[in-house]
Amino acid sequence: MASDEGPLTSAIVRLASRYGRYGYRRITALLRTEGWHVNHKRVERIWRREGLKVPTKQPKRGRLWLNDGSCIRLRPCWQNHVWAYDFVQARTHDGRAFRMLTVIDEFTRECLAIEVARRLRSDDVLHLLAHLFVQHGLPDHIRSDNGSEFTAKTVREWLARIGVKTLYIEPGSPWENGYNESFNGKLGDELLKGEIFYSLKEAKVLIEQWRHHYNTIRPHSALRYRPPAPEAIPYHRVDLSCALDGLQTDRRFRQAARSLN
């Protein structure tokens, strides 16, 4: 037995206990981040010896193909090519519901924001998007379902005015928004199902901590087990004052929009 077998086993068990939904390949990536020179086969051997459970793989999902051989679903090809956003719901310990608006860059897999509130409406969507556009630049497309918050006339007109194309999925076809559905599943599996939120403020803090961990530490299989954030390129601030001034919405959003510039 190698001299480092004991410390390595302890490190594997520690990481597996902390990140209960990670498999041995992600644990291997985290070990390497901590300075261990180890391959995934050795980690897998220890993993199975210690009786650690490998999470069940999710079933593969197909794509919708047209008769001419083209695919309905636009695939992201570069950063800021396609963003996606969607709502997730959870509850605080007192049984009251709250909503989360998650926004991701489909190409880099980075989670750009998770907005948390008791209620989220179309003007909240506008405010968050305006903030993200200033921070990251404009995406070419933004994908969503057909929820009223996303299809509201104010949202569609504003996005069209600043040159962002909208992609709405077919009703009842969540797999067409697969990147965001996958992210929301990880959010639920790795955080929401394992935490009790005693207040909305606690939920906001813990969810934002998890988002930071997801972007900067959590190994992503599609990125060769690297976290998304190091793959991202910082953007310069852009001037959206004309677009923001043209919004026909309530005073609260106007004040919030002006505060972004």
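Please read these numbers as outputs of a predicted model, since none were measured by experiment.

Here we take up the overall build of the protein chain. The helix and strand tally for the protein chain stands at ten helices and five strands. The burial tally for the protein chain puts 46% of its 261 residues in the buried class. Approximately 14500 Å² of the protein chain is accessible, and the part contributed by carbon and sulfur atoms is 50%.

The next subject is the layout of surface pockets. In this approach a probe as big as a water molecule rolls over the atoms, and the regions it shows empty are the leftover space. Considered as a void within the structure, the second largest pocket measures approximately 350 Å³ in volume. Together, 13 residues line the second largest pocket, and Arg18, Tyr19, Glu190, Leu191 and Trp210 are the ones closest to its centre. Elements represented by at least two residues in the lining of the second largest pocket include exactly helix 7 (178–190) and helix 8 (200–216). Take the lining of the second largest pocket: its biggest share by element is four residues, from helix 8. Of the residues contributing to the lining of the second largest pocket, the split by class is five nonpolar, three polar and five charged.

With a phi angle near 65°, Asn80 is a residue other than glycine that sits in the positive phi range. Locating Asn80 in the fold gives a position in the loop between helix 3 (40–49) and strand 1 (82–91). One non-glycine residue, Arg109, lies in positive phi territory at about 70°. In this structure, Arg109 sits in the loop between strand 2 (97–105) and strand 3 (111–117).

A few words now on the packing of aromatic side chains. What the rule picks out here adds up to nine aromatic pairs. Each member of the aromatic cluster is reached from another via a ring pair, and the members are Trp83, Phe133 and Trp158. One Lys or Arg, Arg99, reaches over the ring of Phe87 and ends 4.0 Å from the middle of that ring.

Another aspect to go through is the side chain of Glu5. Relative to the helices and strands, Glu5 resides in helix 1 (residues 5–18). Within the local environment of Glu5, its side chain forms a polar contact with the side chain of Arg42, the two groups lying 2.9 Å apart. The residues contacting Glu5, other than those within four sequence positions of it, are Arg42, Arg45, Ile46 and Arg49.

Of all hydrophobic cores here, the largest spans 24 residues; its most connected members are Tyr85, Leu101, Val103, Leu129, Phe133, Trp158 and Leu159. Secondary structure elements with two or more residues in this core: strand 1, strand 2, strand 3, helix 4 (122–136) and helix 6 (153–161). Setting aside chain neighbours within four positions, we find Leu101 in contact with Tyr85, Asp86, Phe87, Ala113, Ile114, Glu115, Leu120, Val125, Leu128 and Phe150.

The next subject is helix 3. Of the residues making up helix 3, those classed as buried are Arg42, Val43, Ile46 and Trp47. Buried residues of helix 3 fall within an arc of 140° about the axis and therefore sit on the same side. Set apart from the buried face of helix 3 by more than 90 degrees, the exposed residues are Lys41 and Arg48. On the buried face of helix 3, the contacting elements are helix 1 and helix 2 (24–33). Measuring from the side-chain oxygen of the N-cap residue of helix 3 to the backbone nitrogen of Lys41 gives 3.2 Å; that N-cap residue is Asn39. Looking one or two residues beyond helix 3, the residue adopting positive phi is Gly51, at roughly 75°.

With eight of ten residues buried, strand 1 lies mostly within the body of the structure. Examined bridge by bridge, strand 1 and strand 4 (residues 141–144) share three bridges and lie parallel to one another. Bridging from a neighbouring strand, Trp83 pairs with Ile142 of strand 4. Hairpin geometry of strand 1 and strand 2 is characterised by an intervening segment of five residues between the two adjacent antiparallel strands and by a positive phi of about 90° at Gly95.

What counts as what
Residues numbered from 1 in each chain as written. Predicted model: local features only at pLDDT ≥ 70, side-chain atom pairs only at ≥ 80, totals over all residues. Heavy atoms only, no water. Helix = DSSP H or I, 4+ residues; strand = E, 2+ residues; numbered from the N terminus. Buried < 20%, exposed > 50% of the residue type's maximum accessible area, 1.4 Å probe, protein only. Areas by Shrake-Rupley, 256 points an atom, 1.4 Å probe, with all protein chains shown as cover. 1 Å grid on protein atoms, 1.4 Å probe; cavity = no way out; pocket = protein on both sides within 12 Å on 5 of 7 lines; lining within 4 Å. Points joined across faces, edges and corners; volume = space filled by probe spheres on them. Nonpolar A, V, L, I, M, F, W, Y, C, P; charged D, E, K, R; others polar. Phe/Tyr/Trp six-rings, centres within 6.5 Å; stacked < 30°, edge-to-face > 60°. Lys NZ or Arg CZ within 6 Å of the ring centre and 35° of its normal. Polar contact = N/O pair within 3.5 Å; in protein donor to acceptor, adjacent residues only side chain to side chain. Contact = heavy atoms within 4.5 Å. Core = buried A, V, L, I, M, F, W, Y, C linked by side-chain atoms within 4.5 Å. Arc of directions from axis to C-beta. Pairing = 2+ DSSP bridges.

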